[in-house]
Amino acid sequence: MTKHTTVAGIAAPLPLNNLDTDQIMPKQFLLGIDKSGLARGVLYDLRTNADGSPNGAFVLNRPAYREARILVGGANFGCGSSREHAVWGLQQAGIEAVIAPSFGEIFYFNALNNRLLLIVLDPRVVAQMTEMVGDPARSHLSIDVERQCVTTANGAEFGFDLPPRQKRMFIEGLDMIGMTLRDSDAISAFEARHRHDAPWMQIDLPSQQRQA
């Protein structure tokens, strides 16, 4: 993971309310044992026709939006099951941020903990932004994570909230393990205090078990 503070690029309008994780990543693409190859399944039933051919009417299949890095979505984006594959698939498809009026709670933290940036804005602002990015000539958005601000193609700025822990993870290029290891000194100090203050809770394992 690399450190960065800005997401900028083409934004694609996807104004679908209650777009759930089963639609974002259909079940037939969950057969692997690792994260690879998930981009192929992202929004598959929307991107393709019944015969498997590309649906030319779907926004991400349109030439102007094929390189989209940001989605402007509808309310309750990412509701449904807790499958983390929906997050990984969006990232593998090149999506770095999603802007919406609201998100499914589990999806929200799955995304932020994997450094897929999710931004909640007022529904009226999202509606205006959806209309704007629907014009390819005005589809560029810039997101400054440090300032917590989205800037549109016409220069309008909109602030957003972001949990401090997830903001730090995004900017510093940390995953959950990396973020925890940043506090390793505090963790070691707590362990030492706990051993001192509650020695009766310590288990003295045989040496061979400790070595294992």
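The following paragraphs examine the structure supplied in this document. The structure displayed is predicted, hence computed values, not measured ones.

Rules used throughout
- Residues numbered from 1 in each chain as written.
- Predicted model: local features only at pLDDT ≥ 70, side-chain atom pairs only at ≥ 80, totals over all residues.
- Heavy atoms only, no water.
- Helix = DSSP H or I, 4+ residues; strand = E, 2+ residues; numbered from the N terminus.
- Buried < 20%, exposed > 50% of the residue type's maximum accessible area, 1.4 Å probe, protein only.
- Contact = heavy atoms within 4.5 Å.
- Areas by Shrake-Rupley, 256 points an atom, 1.4 Å probe, with all protein chains shown as cover.
- Lys, Arg positive; Asp, Glu negative; His and termini not counted.
- Charge placed at Lys NZ, Arg CZ, Asp CG, Glu CD.
- Phe/Tyr/Trp six-rings, centres within 6.5 Å; stacked < 30°, edge-to-face > 60°.
- Arc of directions from axis to C-beta.
- Polar contact = N/O pair within 3.5 Å; in protein donor to acceptor, adjacent residues only side chain to side chain.
- 1 Å grid on protein atoms, 1.4 Å probe; cavity = no way out; pocket = protein on both sides within 12 Å on 5 of 7 lines; lining within 4 Å.
- Points joined across faces, edges and corners; volume = space filled by probe spheres on them.
- Nonpolar A, V, L, I, M, F, W, Y, C, P; charged D, E, K, R; others polar.
- Axes fitted to C-alpha atoms, helices over the stretch in contact; angles between N-to-C directions.
- Parallel < 35°, antiparallel > 145°, perpendicular 65-115°, else oblique.
- Left-handed = near helix turned anticlockwise from the far one by under 90°.
- Core = buried A, V, L, I, M, F, W, Y, C linked by side-chain atoms within 4.5 Å.
- Pairing = 2+ DSSP bridges.

### Describing the overall build of the protein chain
Of regular secondary structure, the protein chain possesses nine helices and seven strands. Projected onto the principal axes, the alpha-carbon positions of the protein chain cover approximately 65 × 40 × 25 Å. Buried positions account for 41% of the 212 residues belonging to the protein chain. When contacts within the protein chain are restricted to residue pairs at least 6 apart in sequence, long-range pairs at least 24 apart make up 63% of them. Of the accessible surface of the protein chain, which amounts to about 11700 Å², a share of 53% is contributed by carbon and sulfur atoms. One way to put it: in the protein chain the 20 positive side-chain charges average out to a point 2 Å from where the 23 negative ones average out.

### Considering the packing of aromatic side chains
Enumeration over the complete set of coordinates arrives at five aromatic pairs. Aromatic pair Phe77 and Phe107: ring centres 5.7 Å apart, planes at 50°, arrangement tilted. With Phe77 in the loop between strand E2 (70-73) and helix H3 (85-92) and Phe107 in helix H4 (residues 105-113), this residue pair connects regions lying 30 residues apart in the sequence. Of the two residues, Phe77 and Phe107, both sit in the buried class.

### Observations concerning helix H5 (residues 123-133)
All of the buried residues in H5 are Val125, Val126, Met129, Thr130, Met132 and Val133. Along H5, the residues classed as buried sweep out an arc of 165° about the axis, all on the same side. Among the exposed residues of H5, those pointing more than 90 degrees away from its buried face are Pro123, Arg124 and Glu131. Against the buried residues of H5 lie strand E1 (6-14), E2, strand E3 (97-100), strand E5 (140-144), strand E6 (149-151) and strand E7 (157-159). Here H5 starts with a cap whose side-chain oxygen sits 2.8 Å from the backbone nitrogen of Arg124, and that cap is Asp122.

### Concerning the layout of surface pockets
Estimates place the volume of the largest pocket at around 180 Å³. Along its surface, the largest pocket is lined by Ala39, Val42, Arg47, Leu60, Asn61, Tyr65, Arg66, Ala68, Leu90, Ala93 and Ile95. For the lining of the largest pocket, the class distribution of residues is eight nonpolar, one polar and two charged.

### Quick look at the side chain of Thr152
Mapped onto the elements, Thr152 comes out in the loop between E6 and E7. Here Asn154 takes part through its side chain, which lies 2.4 Å from a polar atom of the side chain of Thr152. Setting aside chain neighbours within four positions, we find Thr152 in contact with Met129, Met132, His140, Leu141 and Phe158.

### A closer look at the packing of H3 against H4
Running from N to C, H3 and H4 point in directions that differ by 50°, and their axes come no closer than 9 Å. The pairing of H3 with H4 is recorded here as oblique in orientation. Crossing handedness for the pair H3 and H4: right-handed. Packed against H3, whose contacting residues are Ala86, Val87 and Leu90, the element H4 presents Phe107, Asn110 and Ala111 at the interface.

### Details of the nonpolar core
Ranked by size, the top nonpolar core spans 51 residues in total, and within it Phe77, Ile99, Phe107 and Ile143 carry the most contacts. Contact partners of Phe107, with chain neighbours within four places excluded, come to Thr21, Ile24, Phe77, Gly78, Ala86, Val87, Leu90, Leu116 and Leu118.

### Side note on the sheet that holds E7
Taken in spatial order, the seven strands line up as E4-E3-E2-E1-E5-E6-E7 in an open sheet, and their pairing is mixed. Two strands in the sheet have a free side with no partner beyond their single neighbour: strand E4 (117-120) and E7. Between one strand axis and the next, the sheet turns by 25° as a mean value, whatever way the strands run. As judged from the five bridges shared by E1 and E5, these two strands associate in the antiparallel manner. Residue pairing in the sheet places Thr6 in a bridge with Asp144 of E5.

### Thoughts on helix H6 (residues 164-172)
Among all positions of H6, only Gln166, Lys167, Met169, Phe170 and Ile171 are buried. The positive-phi residue at the C-terminal boundary of H6 is Gly173, with phi of around 75°.

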